[in-house]
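# Per-entry structural report
Here's the letter readout for the chains.
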Amino acid sequence: MLVPDLKEAKIRTKKESIVKANEYIINNELKSLGKDKLYFLKTYGCQMNEHDSENIKAILEDMGFSETKDMEDADLILLNTCAIRENAHNKVFGYLGRAKNLKSRKPGVLVGICGCMAQEEVVVNKILSEYKWMDFVFGTHNIHKLPQVLEKSIKDHKLNVEVLSCEGDVIENIPVKRDSKSKAWINIMYGCDKFCTYCIVPYTRGSQRSRRKEYILEEVKDLIKDGYKEVTLLGQNVNAYGKDLDDNYYMENLLEDVALTGIERIRFVTSHPWDFTDRMIDVIAKYDNIMPYIHLPLQSGSDRILKLMGRRYTKESYLELYNKLKKNIPNCSITTDIIVGFPGETEEDFNETLDVVNKCKYDGAYTFIFSPREGTPAAKMKDDVSLEEKEKRLYKLNELINKYSKENNDKYLNKTVKVLLEGVSEKGEDTLMGYTETMKLVNVKAEKEYIGTIQDVTITSVKTWSMDGELRR
Ligand code: SAH
Ligand code: SF4
Ligand code: F3S
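Residues numbered from 1 in each chain as written. Chains lettered and ligands numbered in written order. Predicted model: local features only at pLDDT ≥ 70, side-chain atom pairs only at ≥ 80, totals over all residues. Heavy atoms only, no water.

Glancing now at the domain arrangement of the protein. With domains assigned, the protein is organised as domain 1 (6–162), domain 2 (180–291), domain 3 (324–410) and domain 4 (416–471). Across the boundary between the two partners, domain 3 contributes 11 residues, which contact eight residues of domain 4. Across the domain 3/domain 4 interface, buried area totals approximately 740 Å², and carbon plus sulfur atoms make up 50% of it. Joining domain 3 to domain 4, the criterion identifies six residue pairs in polar contact (both at pLDDT 80 or more). Sorting elements by how many residues they give to the side of domain 3 that touches domain 4 places helix H14 (residues 387–410) first, with seven residues. Considered class by class, the residues forming the side of domain 3 that touches domain 4 number one nonpolar, seven polar and three charged. (Domains from an automatic or database assignment. Contact = heavy atoms within 4.5 Å. Buried area = accessible area lost by both parts, 1.4 Å probe. Polar contact = N/O pair within 3.5 Å; in protein donor to acceptor, adjacent residues only side chain to side chain. Helix = DSSP H or I, 4+ residues; strand = E, 2+ residues; numbered from the N terminus. Nonpolar A, V, L, I, M, F, W, Y, C, P; charged D, E, K, R; others polar.)

See below:
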């Protein structure tokens, strides 16, 4: 048994990560372990978890399992979890209740969790005392060991916890089964060293480890060969890409080299306002295949709160960067993340946030009420603002965000824009959905043969969160 350790998860050393190109190993016995069996995988959290799930699916299918979308039919239930806010926790424990019920009717079913919650000491302690009926827990650092973890669970018939608190390596040969045939996630770095005081990610994902450019560029080239139109470069702080390596090769260099592969669309998330260089802005502006869309989390507009959050920028420097982006990247859309009700946030602090929103007029925003995460510095800060007050602030903020989102979308009416049609829309079988270069969701009446193509679409009606359009044939 290997359980997570919060103290160990905080440690950062200067050592460079080691690239391991042969670490995922699966023998013939493991390859038949899932024969004629079904797995049910549910994913919570951010794009990184979505992408990890694409790896997990490929590994499980390598073991002979097939996917089912119905938990009731499954022989293996796996929840890939997120730890970012308390409600993410609650959802997972709620789901585990349902899985327990199923296991009592079908005792052979294996139930386990992985992902960020699995990296938390408090969660694993709770599982060890209250969820002993579960079969396995593994973390974000040993996804490639999933076959061995499952083998042990099947043989031992008891709860098997294998979570490493100390990462280190970058594993390059994990298989992947992508959800989309037209757009792909590519990890360019793992972990985070920023330690914003409210955030659990540096503990659950470990220290920053950038992937070597050769592997990233190879992956992009393979995707082009397979007909992919879009790649999204993933990391908690993509602007800091390469700072942990020794080859003076940074985000601007990587963006340029990816642009030169000729892939039609390049996106990247998330950009921390810190580390956003002028060189990066130049490269984004220079290449047409780097999409004019930037997610630039603000978190708060108050300098006092930003300092308490450990964000290392001020309202003024954020606005300066924002204006530079808008000026240099034509038609650039910008979205953000905002936390309300950070410990001790006053009405005045909150008004500073509203002031930034009024100045930036964002295309969209994810807004959250502060959620204390055990082990982070902010969880220990004095918090005298009531939940009722925080909810009021969130409501007021969302009203403003929605207003600007609609105003920005209105500018698209009757314009013709390029949309990568990704698949069938929730609106119905005769409608496809896709995104503009600026990341606006568009629904278009079109035949399925258009899926996976980029089309000129004229926008015919506009809502707060999406638009409708017609193909220009
Ligand atoms: N790496 C990204 C953020 C990843 S987490 C960045 O630094 O920009 C996604 C968002 O969740 C954050 O931007 C923040 O707004 C929110 N978040 C993180 N921790 C939170 C917490 N403890 N309570 C509420 N929201 C939180
Ligand atoms: Fe969390 Fe801050 Fe790292 Fe983003 S930069 S993942 S908010 S610690
Ligand atoms: Fe959640 Fe982990 Fe992503 S905490 S937001 S799944 S990095």
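Now that the structure has been shown, the text picks up again.
This next bit is on the pairing of strand S5 (residues 110–115). Burial analysis of S5 places six of its six residues in the buried class, which makes it a mostly covered element. In S5, alternate side chains face the same way, and those of Leu110, Gly112 and Cys114 on one face and Val111, Ile113 and Gly115 on the other are all buried. Crossover handedness for the path strand S4 (residues 76–81) to helix H4 (residues 86–105) to S5: right-handed. As paired elements, S5 and strand S6 (residues 136–138) share two bridges and run parallel to each other. By the bridge assignment for S6, isoleucine 113 is matched with valine 137. You can see the chain leave S5, run along helix H5 (residues 121–130) and come back into S6, and the turn it takes is right-handed. (Buried < 20%, exposed > 50% of the residue type's maximum accessible area, 1.4 Å probe, protein only. Right-handed = clockwise from strand over helix to strand, strands pointing away. Pairing = 2+ DSSP bridges.)

A complete count under the given rule lists 43 salt bridges for this structure. A salt bridge links aspartate 468 to lysine 427; the nearest nitrogen and oxygen atoms lie 4.0 Å apart. Here the residue aspartate 468 occupies a position in strand S21 (residues 467–471), and lysine 427 occupies one in the loop between strand S17 (416–424) and strand S18 (431–436), the gap between them amounting to 41 residues. Overlapping salt bridges bring together Lys57, Glu67, Lys69 and Asp179 as one network. (Salt bridge = Lys/Arg side-chain N within 4 Å of Asp/Glu carboxyl O.)

In this section: the environment of methionine 381. Structurally, methionine 381 can be placed in the loop between strand S16 (364–369) and H14. Look at methionine 381 and you get partly exposed, because its relative accessible area is 24%. It is 17 Å that separates the C-alpha atoms of methionine 381 and aspartate 303, two residues lying 78 residues apart in sequence. Filtering out sequence-adjacent residues up to four positions away, methionine 381 remains in contact with Thr197, Leu308, Phe342 and Pro343.

Right, let's get into the packing of aromatic side chains. The tally for this structure, following the rule as stated, stands at 10 aromatic pairs. On the numbers, 6.4 Å between centres and 85° between planes, the contact of tyrosine 198 with phenylalanine 342 is edge-to-face. With tyrosine 198 in the loop between strand S10 (189–190) and helix H7 (201–205) and phenylalanine 342 in the loop between strand S15 (333–340) and helix H13 (347–360), this pair connects stretches of sequence that are 144 residues apart. For the pair shown, tyrosine 198 and phenylalanine 342 are each scored as buried. Where tyrosine 322 meets tyrosine 362, the ring centres are 6.0 Å apart and the plane angle is 85°; that geometry is what we call edge-to-face. Here tyrosine 322 is found in helix H12 (residues 315–328), whereas its partner tyrosine 362 is found in the loop between H13 and S16, with 40 residues between them in sequence. Residue tyrosine 362 is classed as buried on the basis of its relative accessible area, which comes to 1%. A network of ring pairs unites the aromatic residues Phe93, Tyr131 and Trp133 as a single cluster. (Phe/Tyr/Trp six-rings, centres within 6.5 Å; stacked < 30°, edge-to-face > 60°.)

For ligand 3, the full set of nearby residues is Cys46, Asn49, Cys82, Ala83, Ile84, Cys116, Arg205 and Gln236. Its residues placed into classes, the shell around ligand 3 shows five nonpolar, two polar and one charged. (Near = heavy atom within 4 Å.)

Moving on to unusual backbone geometry. Residues valine 269 and threonine 270 are joined by a peptide bond in cis, for which omega reads -5°. Tracing the backbone shows threonine 270 in the loop between strand S13 (265–269) and helix H10 (278–286). Within the chain, aspartate 36 stands out as a residue other than glycine whose phi angle is a positive 60°. Take aspartate 36: it is sitting in the loop between helix H2 (28–31) and strand S2 (38–43). Here aspartate 36 falls in the exposed class, since its relative accessible area comes to 71%. Even without being a glycine, arginine 312 presents a positive backbone phi close to 65°. Counting through the fold element by element, arginine 312 comes out in the loop between helix H11 (303–309) and H12.

Bringing the sheet that holds strand S7 (residues 160–162) into the picture now. One open sheet accounts for six strands, arranged S3-S2-S4-S5-S6-S7; its pairing is parallel. Unpaired on one side and paired on the other, strand S3 (66–67) and S7 mark the two borders of the sheet. Looking at chain direction, S2 and S3 are connected through two bridges and run parallel. In the strand pairing of S3, leucine 38 is matched with serine 66. Running at roughly 175° to S4, H4 makes contact with S2, S4 and S5 of the sheet. (Axes fitted to C-alpha atoms, helices over the stretch in contact; angles between N-to-C directions.)

The five strands are arranged S17-S18-S19-S21-S20 in a closed barrel whose pairing can be described as mixed. On average, each strand axis in the sheet is tilted by 50° relative to the strand beside it, whichever way the strands run. Here five bridges tie S18 to strand S19 (residues 441–445), and the two strands are oriented antiparallel to one another. Bridge assignment links glycine 434 to a residue of S19, and that residue is valine 442.

There is a patch of like negative charges on the surface, built from Asp5, Glu8, Glu121 and Glu374. Within the secondary structure, glutamate 374 is located in the loop between S16 and H14. The class of glutamate 374 is exposed, set by a relative accessible area of 54%. (Patch = residues over 30% accessible without salt bridge, like charges linked within 9 Å, V, L, I, M, F, W, Y side chains within 5 Å. Areas by Shrake-Rupley, 256 points an atom, 1.4 Å probe, with all protein chains shown as cover. Lys, Arg positive; Asp, Glu negative; His and termini not counted. Charge placed at Lys NZ, Arg CZ, Asp CG, Glu CD.)

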